Amino acid sequence: MRILLTGATGVVGAEVSGLLRAADHTLVPVARRATAERPVSWRMGAEPPPPELAGHWDVIVHAAATTRWTLTRPEAVAANVEPLRAVLALADRDTHLVHVSTAYVGGTRNPGDLRGAQFEGYRNGYEWSKARCEELARAEHPGPLTVVRPPLVVGRSGDGRIARFSGPYTILQALVSGLAAVVVGDPDGYAEISPVDQVAEVIAAAALAEPPRAPRTEVIAAGPSCLTLSALLDVICSTLNSCRAAHGIAPVERPPLVPPERWNRFFLPLADRHLSLFQAQAVKLLAMFQSYTSMTEPFTPTHPVTDPAAVMATAVRHWAEAKPRLALARPQPWTAFTPAS
């Protein structure tokens, strides 16, 4: 088979690339920047496809995406929707499109949640754009379609390795730096995670299998075994402190949990005037996790994540080994900011 893989240098794409290279097929990995291993570069949606991408594709794995949660609506269209349109132009009725989406497309929508009114009930521009992409793929792709929906992605289940520390790893850095003075979220809310190797295995298996006769959706999640936010935070703090203890470093304190409604209605308005610009930016960044850590129901998986607590602990240990200066840092407590008069 001739297989095209977009986003080959991303967190998920890099893992998928390794699996597909091991199969006896012709793989063409594409990324925004060319490298020796990935000589084909393409800024999808912003420029025509290079000549190397002409011809029939048996499978297109579309893993390229901008996952930034602060995307505006126009930015989200340019970053995710238009690239999918460009990819669809390379497909025909015999091309199996494996489109990587996000599990949160299928979650509970709330127009009052963060910027939900702007994004039709989705939590942010990334989620909204992935929902639009799923609609576009189903409406315009004439051939077989598989949509793969992972939740927040962390390192491999066996060793914690990952191509890039992003997304949920922001919380780890905030804890050891002292920026996470509190964690905003429902203590009993569900926090879904998945190891990147399982996500890649589901995607690669879909790409190499017989194309589905009808559009198929694969959901990777822990479901009934999903951790609550309180349990997830316990795992993160206990694992971090185990790593710190091995180096004779004092533990980090588990920050208090504040439900989003109380934080947004009472704490933030009172604290806002006393925050420095840097502190205010940190609060805004961490606030993007609110709805991801306050889910009232877990997802229903087609591919269950086994023992998410062990997955998270392994991811934290690898992060600590890869970022020792950060992991062993002394948290700096917040102080009140007095603006110059």
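The model shown is predicted, which means the values in this text are computed figures rather than measured ones.

Novice: Help me out: how do you make sense of the nonpolar core in this one?
Specialist: Across soluble globular proteins, you tend to see nonpolar side chains buried next to one another. Core analysis: the biggest nonpolar cluster contains 68 residues, and Val61, Ile203 and Met312 have the highest contact counts within it. Once you skip the residues sitting within four places of it in the chain, Val61 turns out to touch Ile3, Leu4, Leu5, Thr6, Leu20, Val98, Ile203 and Ala207. With 23 residues, the next largest nonpolar core counts Val30, Met44, Leu53 and Cys133 among its residues.

Novice: Whenever I open this one, the pairing of strand E2 (residues 26–31) confuses me. Can you help?
Specialist: Side chains on a regular strand alternate between the two faces of the sheet. Extensive coverage of E2 is indicated by the burial of five of its six residues. Running through helix H1 (residues 11–21), the crossover from strand E1 (residues 2–6) to the neighbouring parallel element E2 is right-handed.

Novice: What exactly am I supposed to notice about the packing of aromatic side chains here?
Specialist: Given two aromatic rings, their pairing is described by the distance between the two centres and the angle made by the two planes. Counted according to the given criterion, the structure contains two aromatic pairs. A cation sits over an aromatic face here: Arg2 above Trp57, 3.7 Å from the ring centre.

Novice: How should the environment of Pro74 be read in this particular structure?
Specialist: Position of Pro74 relative to the elements: it lies in helix H2 (residues 73–88). We classify Pro74 as exposed; its relative accessible area is 61%. Taking the C-alpha atoms as reference points, Pro74 and Gly125, separated by 51 residues in sequence, lie 8.9 Å from one another.

Novice: Looking at this model, I keep getting lost on helix H3 (residues 125–140). Mind explaining?
Specialist: Think of an α-helix as 3.6 residues a turn; residues three or four steps apart then line up on the same face. Helix length check: H3 (16 residues) gives 22 Å between terminal C-alpha atoms against 22 Å at 1.5 Å per residue, within 8%. Most of H3 is tucked away: twelve of the 16 residues are buried. Taken together, the buried positions of H3 are Gly125, Tyr126, Glu127, Trp128, Ser129, Lys130, Ala131, Arg132, Cys133, Glu134, Leu136 and Ala137. Of the residues that open H3, the one with a side-chain oxygen 3.2 Å from the backbone nitrogen of Tyr126 is Asn124.

Definitions and limits used
- Residues numbered from 1 in each chain as written.
- Predicted model: local features only at pLDDT ≥ 70, side-chain atom pairs only at ≥ 80, totals over all residues.
- Heavy atoms only, no water.
- Core = buried A, V, L, I, M, F, W, Y, C linked by side-chain atoms within 4.5 Å.
- Buried < 20%, exposed > 50% of the residue type's maximum accessible area, 1.4 Å probe, protein only.
- Contact = heavy atoms within 4.5 Å.
- Helix = DSSP H or I, 4+ residues; strand = E, 2+ residues; numbered from the N terminus.
- Right-handed = clockwise from strand over helix to strand, strands pointing away.
- Phe/Tyr/Trp six-rings, centres within 6.5 Å; stacked < 30°, edge-to-face > 60°.
- Lys NZ or Arg CZ within 6 Å of the ring centre and 35° of its normal.
- Expected span 1.5 Å × (residues − 1).
- Polar contact = N/O pair within 3.5 Å; in protein donor to acceptor, adjacent residues only side chain to side chain.

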